[in-house]
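Summary of the model geometry
Here is what each chain is made of, one letter per residue.
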Amino acid sequence: MTVVPVSNEASPLAPHWLSLPQDQSRLEPKLWAEDVERGTDGVLRIDGVSVADLAAEYGTPLFVMSERDFRSRAATFRDAFDDAFRDLCGGVDVFYAGKSFLCTEVAHWVREEGLGLDTCSGGELAVALRAGMPGSRLGLHGNNKSAAEITRAIDADLGRIVVDSLQEVALVGDLAVQRGRRANVMLRLTPGVHASTHEFIATAHEDQKFGLSLTTEQGPGQAAGEDASPAARAVADALAHPGINLLGVHCHIGSQIFESEGFELAAQRLLGFLAEVRDRHGVELAELDLGGGYGIAYTEEDEPRPAAEIARAMASVVGSTCRELGLQVPRISIEPGRAIVGPTTFTLYTAGTTKTVRVDAAANGSEELQDTSVTHPRRYVSVDGGMSDNARPVLYGADYSAVLASRTPEAAPVLSRVVGKHCESGDIVVRDVYLPEDTGAGDLLAVPGTGAYCWVLSSNYNYLTRPPVVAVADGRARLIVRGETEEDLFRRDVEREPASHDPASPTPEPGAPRTA
Ligand SMILES: *Cc1c(COP(=O)(O)O)cnc(C)c1O
């Protein structure tokens, strides 16, 4: 059996998009916050703050967020869409999708940058209100909102409750009447457009839990009088309900989208629907929300388009479609989450155990590797976190990248897999990346692009504590969410009652919660 040694050559096990790095010190700009760079000592710095200092002060794993980068991405979306749509409808309302990352401090930034904020639960709404977001700039989503969540939204006079079903039209309307108010409502419609990364598909029927279909139901089980689509019936119900102020319609067609075609087709279908509403009810609804889903770069393979480009393409389609339909252009809103927060953050880990395995063609499944007698090295580098701080590789098969962050990478690059410390073989942080072959215990690794859908999805699996989040701005790091401690792990445990009749029962440990 031939064993191919570790060498300065591309590995045949590497995915097609991963190239052997020519300069391992280089940071690919599209993956990182704008103020991250490698110092002359080889240590990564964010706005001048060394990651070695951050690790020493806050420990690892650590989410490191650039405040300046967050604010500038938020402002870029705000301004790019405003510019593109100004002549058509006076501008665009940008609602940051809080589900991608939310804590009180970040909600403050969103408020200060003049954006709106979308929430999808009572908990997210509570965070936004705690940060002083005015109700008028908040939205509430969800396919199964509770009466308590809806009531809270009505009492906070939310700018928009995005209603997801026919039952919810009645529920929101009735609750608003009970509170002596009118709820601001948008209807979430399913335009039959699904977009993801490099393609989109257009269908008439929707097979998913969200939203009201634009398609008329046909077939057995259709009740008499249900000849209109669920979307059309929801509009009729909402317009007739004294508790509802119907603002317009909404859609969200997917996530991690790089091209504007899907957004354009969805806009055309929804504008067509608004023209039908006008013809049937004599009402031109004032607002159209085109959702979020703008893609970011997780690896060198991804090429996101600038927000301004997508905004111009969308504005052009909205303008021409409205002209064809003789519609006044509705006020447009969008809901980016990932594209604002994703690239602002990297996760800092400390490496520990490493091992190198030899992989042959049969194990890899690659057609190019027919010769199973030749094996190739894959190096496993374990870090001190994993699926509890980044569930996306496990949930979605998501790819990330990583760099050696605490010193200059000098040894030859070897195809590596960064794995977590959980008791799951699927606990992968970065499936394929070239790292210097001497990467090992004590080295810091930084994984960029972890701002969205990582910390918010973090868990205590295997009783790991959830990591802190630090924000860096003006050359200073500041804790914005503290990490959990072992004490936090026991906070919700219900202590056993001491058996009072038992003189042998031990006295509680100092610091243990006292029983009443
Ligand atoms: C998740 C979600 C978003 C944000 O999606 P991103 O991919 O993070 O931009 C926006 N709107 C709705 C309704 C969502 O569910």
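Residues numbered from 1 in each chain as written. Predicted model: local features only at pLDDT ≥ 70, side-chain atom pairs only at ≥ 80, totals over all residues. Heavy atoms only, no water.

**Quick word on unusual backbone geometry**
- For the bond running from Thr60 to Pro61, omega is -5°, close enough to zero to count as cis.
- The phi torsion at Asp47 lies on the positive side, around 50°, for a residue other than glycine.
- Mapped onto the elements, Asp47 comes out in the loop between β3 (44–46) and β4 (49–50).
- Residue Asp47 is classed as buried on the basis of its relative accessible area, which comes to 19%. (Helix = DSSP H or I, 4+ residues; strand = E, 2+ residues; numbered from the N terminus. Buried < 20%, exposed > 50% of the residue type's maximum accessible area, 1.4 Å probe, protein only.)

**Digging into the domain arrangement of the protein chain**
- Domain parsing of the protein chain yields domain 1 (9–66 + 343–484) and domain 2 (67–341).
- Measuring from the centre of the C-alpha atoms in domain 1 to the corresponding centre in domain 2 gives 34 Å.
- Across the boundary between the two partners, domain 1 contributes 33 residues, which contact 26 residues of domain 2.
- Between domain 1 and domain 2, the buried area comes to about 2,600 Å², and carbon and sulfur atoms account for 57% of it.
- Together, Lys30, Pro343 and Tyr453 form the three largest contributors to the area buried by domain 1 at its contact with domain 2, with a combined 23%.
- At the junction of domain 1 and domain 2, the tally comes to 5 salt bridges.
- For Asp35, the salt bridge identified is with Arg68, shortest N-O distance 3.9 Å.
- Scanning the region where domain 1 abuts domain 2 turns up 14 residue pairs in polar contact (both at pLDDT 80 or more).
- Secondary structure elements with two or more residues in the side of domain 1 that touches domain 2: β5 (62–66), β24 (469–473) and β25 (476–481). (Domains from an automatic or database assignment. Contact = heavy atoms within 4.5 Å. Buried area = accessible area lost by both parts, 1.4 Å probe. Salt bridge = Lys/Arg side-chain N within 4 Å of Asp/Glu carboxyl O. Polar contact = N/O pair within 3.5 Å; in protein donor to acceptor, adjacent residues only side chain to side chain.)

**Focus on the packing of helix α2 (residues 67–89) against helix α3 (residues 104–112)**
- At a minimum axis separation of 10 Å, α2 and α3 run at an interaxial angle of 40°. The angle between α2 and α3 falls in the class oblique. Viewed along their axes, α2 and α3 form a crossing whose handedness is right-handed. Note on element contacts: α3 touches α2 through Val106, Trp109, Val110 and Glu112, opposite Glu67, Phe70 and Arg71.
- Residue classes in the contact of α2 with α3 are distributed as 4 nonpolar, no polar and 3 charged. (Axes fitted to C-alpha atoms, helices over the stretch in contact; angles between N-to-C directions. Parallel < 35°, antiparallel > 145°, perpendicular 65-115°, else oblique. Left-handed = near helix turned anticlockwise from the far one by under 90°. Nonpolar A, V, L, I, M, F, W, Y, C, P; charged D, E, K, R; others polar.)

**Points about the sheet that holds strand β2 (residues 36–38)**
- The sheet built from 3 strands is open, its strands ordered β2-β3-β4 with antiparallel pairing. Bordering the open sheet on either side are β2 and β4, each of which pairs with just one other strand.
- Sheet topology places β2 next to β3; 3 bridges connect them, and they run antiparallel. Note that in β3 the partner of Arg38 across the bridge is Leu44. (Pairing = 2+ DSSP bridges.)

**Remarks on the sheet that holds strand β11 (residues 193–197)**
- Read across the open sheet, the 3 strands follow the order β12-β11-β15; overall the sheet is mixed. Of all strands in the sheet, those bounded by a partner on one side alone are β12 (199–202) and β15 (254–257). On average, adjacent strands in this sheet sit at an angle of 25° to one another, irrespective of strand direction.
- Pairing of β11 with β15 involves 3 bridges; the strand directions are parallel. In the strand pairing of β15, Thr197 is matched with Ile257.
- Strands β11, β12 and β15 of the sheet are contacted by helix α8 (residues 261–281), whose axis makes an angle of about 25° with β12.

**Here we look at helix α9 (residues 307–325)**
- Between its first and last C-alpha atoms α9 spans 27 Å; for 19 residues at 1.5 Å apiece the expected length is 27 Å, and the two agree.
- Here α9 has its buried residues at Ala307, Ile310, Ala311, Met314, Ala315, Val317, Val318, Gly319, Thr321 and Cys322.
- On its buried face, α9 is in contact with α2, α8 and β17 (331–334).
- Trailing α9 by a residue or two, Gly326 shows a phi angle of about 65°, which is positive. (Expected span 1.5 Å × (residues − 1).)

**Regarding the site of the ligand**
- Residues in contact with the ligand amount to 14 residues; listed here are only the nearest, Lys99, Gly293, Glu335, Arg338 and Tyr453.
- Contact distances for the ligand include 2.8 Å between an oxygen atom and a backbone N or O atom of Arg338.
- Protein coverage of the free-state accessible area of the ligand, which is 390 Å², stands at 91%.
- Split by residue class, the shell around the ligand holds 3 nonpolar, 7 polar and 4 charged. (Near = heavy atom within 4 Å. Areas by Shrake-Rupley, 256 points an atom, 1.4 Å probe, with all protein chains shown as cover.)

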